[in-house]
Amino acid sequence: TRYFVDHRKVRVVGGQGGGGGHSFYSEPRKIFGGPDGGNGGDGGHVILKADQQMKSLASVLPFYQGFRGERGGSKNCYGANGAYVYVKVPVGTLVKEDGKVVADLTQHGEEYVAAYGGAGGKGNRFFLSNENRAPTLFTPGEPGQERVLHLELKTTAHAGLVGFPNAGKSSLLRAISRAKPAVAAYPFTTLNPHVGIVHYQDYEQVAVADIPGLIKGAHQNRGLGMAFLRHIERCRFLLYVVDLSVSQPWIQLQDLKYELEQYKKGLSERPCVVIGNKIDVAQSRINLPLLKEQIDDRVIALSALTGDNLEELLLHLRELYDAYVKTEQSRGQSPIKW
């Protein structure tokens, strides 16, 4: 099983600078040629680079070190700089140090220097002066910068499935995509976010994230709380999944919007659609007209189990995606593509 990893603690160390050279020019019939030790090369940086091919932090190792710079040579030859080490991370990765955000990699190809390499040492040629015509002094390379960083991934899916445990989010994601989240008849079956891709005939792809179930007080870190509310933060539109078979399903929707609003102001006002799941249950058909009376948002009644009315959801999902693409292009920004 390949697990979705959205947290990593990484120690990064820049490469050590190369030492300065120590030599004197020597050639037949040229005595006292003077010092000719070159400077050492700089150490290589460790650089985090956002890559849209990466979808999880699972491949990020706990330790990275830049390459060492080469030592300065004779005949005033400088040492080569150490090679950079590039660490690929998913788009949407937050970089934190001591609890503070130091970088937010939201665009493909965006880079952040996590640790700078050390400066190269000075060769004895550098210390040549009128007072000292034959310096023997040279300096070693400086050590690279060392830091401990916390990488935190906020999923940049187009749509987020938001609902209470056992509302049928995982079953719905299985029905509309090839993702295979676990499905079982107990709460909190889903402990990690899953992203499924919905394919359309014109080759457009819409990413839908199955966010683990929220409970009342999630914004106070109850249940799975903050660990998964942050994944909803980056979704461009929301799919509220409510269980139509329970009494007064509109209360679920009110509670969900309240939790989102308490976590981040304006989050519950994003473009959305309400999905009334489990329409194949008799009680759901009674509750459906009552739900439509209570709320203003569009309601799509379906059954993830039997596949009833999935087509309407897929068509509306594409409408939401097209609206998002137009909005981003009107702002002069490029929409996220999967």
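The rules behind the values
Residues numbered from 1 in each chain as written. Predicted model: local features only at pLDDT ≥ 70, side-chain atom pairs only at ≥ 80, totals over all residues. Heavy atoms only, no water. Helix = DSSP H or I, 4+ residues; strand = E, 2+ residues; numbered from the N terminus. Contact = heavy atoms within 4.5 Å. Expected span 1.5 Å × (residues − 1). Buried < 20%, exposed > 50% of the residue type's maximum accessible area, 1.4 Å probe, protein only. Pairing = 2+ DSSP bridges. Axes fitted to C-alpha atoms, helices over the stretch in contact; angles between N-to-C directions. Phe/Tyr/Trp six-rings, centres within 6.5 Å; stacked < 30°, edge-to-face > 60°. Salt bridge = Lys/Arg side-chain N within 4 Å of Asp/Glu carboxyl O. Right-handed = clockwise from strand over helix to strand, strands pointing away. Bend = angle between axes of the 7 residues up to and from the residue. Polar contact = N/O pair within 3.5 Å; in protein donor to acceptor, adjacent residues only side chain to side chain. pLDDT = per-residue confidence, 0-100.

**Some points on the environment of Phe67**
With respect to the helices, strands and loops of the structure, Phe67 is situated in the loop between β3 (63–65) and β4 (85–90). Spatially, the C-alpha atoms of Phe67 and Val46 are 8.9 Å apart, while their sequence positions differ by 21 residues. In contact with Phe67, other than residues within four places in its own chain, are Gly15, Gln16, Gly43, Gly44, Gly82, Ala83 and Val85.

**Thoughts on the environment of Ser177**
When you line up the elements, Ser177 lands in the loop between α1 (169–176) and β10 (194–199). Sequence spacing of Ser177 and Gly196 is 19 residues, and the spatial spacing of their C-alpha atoms is 5.4 Å. The contacts of Ser177, once residues within four sequence positions are left out, are Gly196 and Ile197.

**Re helix α3 (residues 249–263)**
Count 3.6 residues to each turn of an α-helix, and residues three or four apart come out pointing the same way. Counted at 1.5 Å a residue, the expected span for α3 with its 15 residues is 21 Å, and the 22 Å between its end C-alpha atoms agrees. Listed as buried for α3 are Pro249, Trp250, Gln252, Leu253, Asp255, Leu256, Glu259 and Leu260.

**Concerning the sheet that holds strand β9 (residues 159–162)**
Strand order in this open sheet of six strands is β10-β11-β9-β12-β13-β14, and the pairing throughout is mixed. Bordering the open sheet on either side are β10 and β14 (299–301), each of which pairs with just one other strand. Taken over all neighbouring pairs, the strand axes of this sheet differ in orientation by 25 degrees on average, direction set aside. Bridge count for strand β12 (residues 237–243) against strand β13 (residues 272–277) is six bridges, and the pairing is parallel. For Leu238, the partnering residue across the bridge sits in β13 and is Cys272. Its contacts with the sheet place helix α4 (residues 282–294) against β12, β13 and β14, and it is angled at close to 170 degrees to β14.

**Some words on the packing of aromatic side chains**
Given two aromatic rings, one states the distance between the centres and the angle between the planes to describe the pair. Across all of its chains, the model carries two aromatic pairs by this definition. Measuring from centroid to centroid gives 5.2 Å for Phe126 and Phe127, while their planes differ by 85 degrees, and the two rings are edge-to-face. You can call Phe126 partly exposed: its relative accessible area is 48%. With centroids separated by 6.3 Å and ring planes inclined at 50 degrees, the aromatic side chains of Tyr321 and Tyr324 adopt a geometry described as tilted. Pair noted here: Tyr321 and Tyr324 are both in helix α5 (residues 310–330), with a separation of three residues, about one helical turn. For the residue pair Tyr321 and Tyr324, the accessibility class agrees, reading buried in each case.

**Details of the sheet that holds strand β8 (residues 146–153)**
The strands making up a sheet associate through backbone hydrogen bonding, with each pair oriented either parallel or antiparallel. Here five strands make up an open sheet; going across it, the order is β3-β1-β8-β5-β6 and the pairing mixed. Single-partner strands in this sheet number two, and they are β3 and β6 (100–105). Looking at each pair of strands side by side, their axes are set apart by 30 degrees on average, direction ignored.

**Thoughts on the pattern of salt bridges**
Two side chains that carry opposite charge are able to pair once their charged atoms sit near each other. Counted by the stated rule, this structure contains 10 salt bridges. Here Glu312 makes a salt bridge to Arg298, at a shortest N to O gap of 3.1 Å. Residue Glu312 is found in helix α5, and its partner Arg298 is found in the loop between α4 and β14; the two are separated by 14 residues along the sequence. A relative accessible area of 26% means that Glu312 is categorised as partly exposed. The class of Arg298 is partly exposed, set by a relative accessible area of 38%.

**A word on the pairing of β12**
Counting buried residues along β12, seven of its seven residues qualify, which places the element largely inside the surrounding structure. Side chains of β12 alternate between two faces, with Phe237, Leu239, Val241 and Asp243 and Leu238, Tyr240 and Val242 buried alike. Across four bridges, the pairing between β9 and β12 is parallel. Note on β12: the bridge partner recorded for Val162 is Tyr240. Read from β12 through α3 to β13, the crossover connection turns out right-handed.

**With respect to α4**
Along α4, the sharpest change in direction is near 30 degrees and occurs at Leu288; proline Pro289 comes one to four residues later. For α4, the full list of buried residues reads Ser284, Asn287, Leu288 and Leu291. Buried residues belonging to α4 abut β12, α3, β13 and β14.

**Description of the side chain of Asn39**
Along the polypeptide, Asn39 turns up in the loop between β1 (7–13) and β2 (46–51). A distance of 3.4 Å separates polar atoms of two side chains, one belonging to Asn39 and the other to Tyr78. Here Gly123 takes part through its backbone nitrogen, which lies 2.9 Å from a polar atom of the side chain of Asn39. Those residues in contact with Asn39 that lie beyond four places of it in its chain are Gly72, Cys77, Tyr78, Gly79, Gly121, Lys122, Gly123 and Phe126.

**What about the confidence of the model for the protein?**
For the protein, mean pLDDT is 80; residues scoring 70 or higher make up 87% of the total. Contacts from residues 184–190, a stretch scored under 50 in pLDDT, to residues over four places away or in other chains number 17 contacts. Across residues 221–225, confidence stays below pLDDT 50; counting only partners more than four residues off in sequence or on other chains, it has 11 contacts.

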